[in-house]
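Spelled out from the first residue to the last, the chains are:
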Amino acid sequence: MAVTIKDVSAKCGLSISTVSKAFNNYADISPETRELVHRTAREIGYYPNAIARTLKTNRSYNLGVLFQEERGTGLTHSFFASVLDSFKSECEKRGYDITFINHNIGWTGMTYLEHCRYRNVDGVCVVCANFYAPEVVELVASDIPVVTIDHAFSNRSCVLSENIEGMKALVSHAAALGHRRIAYVHGEHASVTENRITGFYRGLSEQGIGSVPEYLVEAVYDSPEAGAEAVRKLMALPVPPTCILMPDDHSALGALTAAAELGLRVPEDVSIGGYDGSRITQMTHPRITTVVQDAKRMGQQAALYLIDRIENPRTAGSETGLIPAKLLPGESIGPVPQG
């Protein structure tokens, strides 16, 4: 015979109403009572019916995640994988499931907004996408609660890494080791890129270093091949840079390869810097000097903002969470070469 909510109520010594509220995370239920109800339910094998809960609360307890990583690495992308893992963990602790939002459901083509409505999600986290694409703008402008990561819309909560300060710290570190000819290989057009370029120029200005237009080169993110090609281009200049800062750690790996192909030692002949704080770059030789982004905190904060907007629509605002980034000195940026 199936275990019912009445069985949980009797076992806990609580009313059915109180048990129901505990399952549905009502604010007037204490954490101790909620824990008692959930523990008892597990012990006797009771699981709330998702359909019944949806009908009663008018919520699906399902959150959409829009993650469209264009380089093809998908969920193997170390930084975004960490952000998503943290987001997922925080949502699950609060009783929410996750659905990935995309265009193609079987044979049916849908816009992002249509897929959200099809899955009846309570809210959406946009983690990685072309934020300027019409479909993304349409979703953000809809009545569905949305939180974005690494991009700010005027009327939505967002979580941003301190990209300006992160780049300034990287430039300052290189300058402290004597570098004046510092190049930056930046990613494609995006708010993250714009902020990092701003940080790069501010860092140069604060160190009294003039900018050289040829030292700013664009390459796609997360591509060792594109990073290697950018380094070859920079080192072919009549006056090449002594330090090259890359858009991310994977691109920095490509930069190391290109330097070796050119017969250059890192950091004795040219210094290389990365960004993101990927674990693999701390196992290379030389270890990459990089900027660590707090992916875990970014995902967690995004979950908190989104759930607050869903559960407290009258009091939740459009907030911006700035998550500090930290310089992680390695061995790939060394003293400026003499002569």
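Conventions we followed
Along each chain, residues carry numbers from 1 onward, in the same order as the chain's sequence is written. Only residues with pLDDT of at least 70 are given local features in this predicted model, and only at 80 or more are side-chain atom pairs given and counted; all residues enter the totals for whole chains, interfaces and linings. The basis for the side-chain values is all heavy atoms of the structure; hydrogens and waters are excluded. Strands are runs of DSSP state E lasting at least two residues, helices are runs of H or I lasting at least four, and both sets are numbered from the N terminus onward. Accessible area is worked out with a 1.4 Å probe on protein chains only. A residue is then buried under 20% of its type maximum, exposed over 50%, and partly exposed in between. Should any heavy atoms of two residues lie within 4.5 Å, those residues are considered in contact. Think of it as the arc spanned by the lines of direction from the helix axis to the C-beta atoms. Throughout, an axis means a line fitted to C-alpha atoms (over the contacting stretch in the case of helices), and angles, computed between N-to-C directions, take values from 0 to 180 degrees. Note on terminology: angles under 35 degrees are roughly parallel, angles over 145 are roughly antiparallel, angles of 65 to 115 are roughly perpendicular, and the others are oblique. In a left-handed crossing the near helix is turned counterclockwise from the far helix by less than a right angle, and in a right-handed crossing that turn is clockwise. DSSP calls a pair of strands paired once it identifies at least 2 bridges connecting them.

(A) Representation of the overall build of the chain in the model. Summing up its helical and strand segments, the chain has 12 helices and 14 strands in all. Dimensions of the chain, computed from C-alpha atoms along their principal axes, come out at roughly 85 × 40 × 35 Å. Across the 339 residues of the chain, 48% fall into the buried class. The long-range share in the chain, meaning contacts at least 24 apart out of those at least 6 apart in sequence, stands at 69%.

(B) Structural context of the environment of Lys11. Along the chain, Lys11 turns up in helix α1 (residues 5–12). Once the C-alpha coordinates of Lys11 and Ile44 are considered, the two residues, 33 residues apart in sequence, prove to be 8.9 Å apart. Excluding its chain neighbours within four sequence positions, the residues that come into contact with Lys11 are Thr40 and Ile44.

(C) Up close: helix α6 (residues 112–119). Looking at α6, one finds that the buried residues are Tyr112, Leu113, His115 and Cys116. Take α6 and look down its axis: the buried residues cluster within an arc of 160°, on one side only. Two residues or fewer after α6 comes Asn120, characterised by a positive phi angle close to 55°.

(D) View of the packing of helix α5 (residues 78–93) against helix α12 (residues 295–311). For the pair α5 and α12, the least separation of the axes is 7 Å and the interaxial angle reads 40°. With respect to α12, the axis of α5 lies oblique. α5 and α12 meet at a crossing whose hand is right-handed. Residues Phe79, Ser82, Val83, Ser86, Phe87, Glu90 and Cys91 of α5 lie in contact with α12, whose contacting residues are Ala295, Lys296, Met298, Gly299, Gln300, Ala302, Ala303, Leu304, Leu306 and Ile307.

(E) Spatial organisation of the sheet that holds strand β11 (residues 271–273). One open sheet accounts for four strands, arranged β9-β8-β10-β11; its pairing is parallel. Of all the strands in the sheet, just β9 (216–218) and β11 have a single pairing partner and so form its edges. Across the sheet, the axes of successive neighbouring strands diverge by a mean angle of 20°, strand direction being ignored. When strand β8 (residues 182–186) meets strand β10 (residues 243–245), the two strands line up parallel, connected through three bridges. Following the sheet pairing, Ala183 is matched in β10 by Ile244. The sheet strands contacting helix α9 (residues 191–206) are β8, β9 and β10, and the helix crosses β8 at an angle near 175°.

(F) Quick look at the sheet that holds strand β6 (residues 146–149). Within the open sheet, the six strands sit side by side as β2-β1-β5-β6-β7-β13. Their pairing is parallel. Sheet topology places β2 (97–101) and β13 (320–323) at the edges, where each strand pairs with a single neighbour. The sheet shows a mean angle of 20° between the axes of neighbouring strands, taken without regard to direction. Summarising the sheet, β6 and strand β7 (residues 157–161) pair through three bridges and their orientation is parallel. Within β7, the position partnered with Ile149 by the bridge is Val159. The strands touched by α12 are β1 (62–67), β5 (123–128), β6, β7 and β13; relative to β7, the strand with the most contacts, the crossing angle is about 170°.

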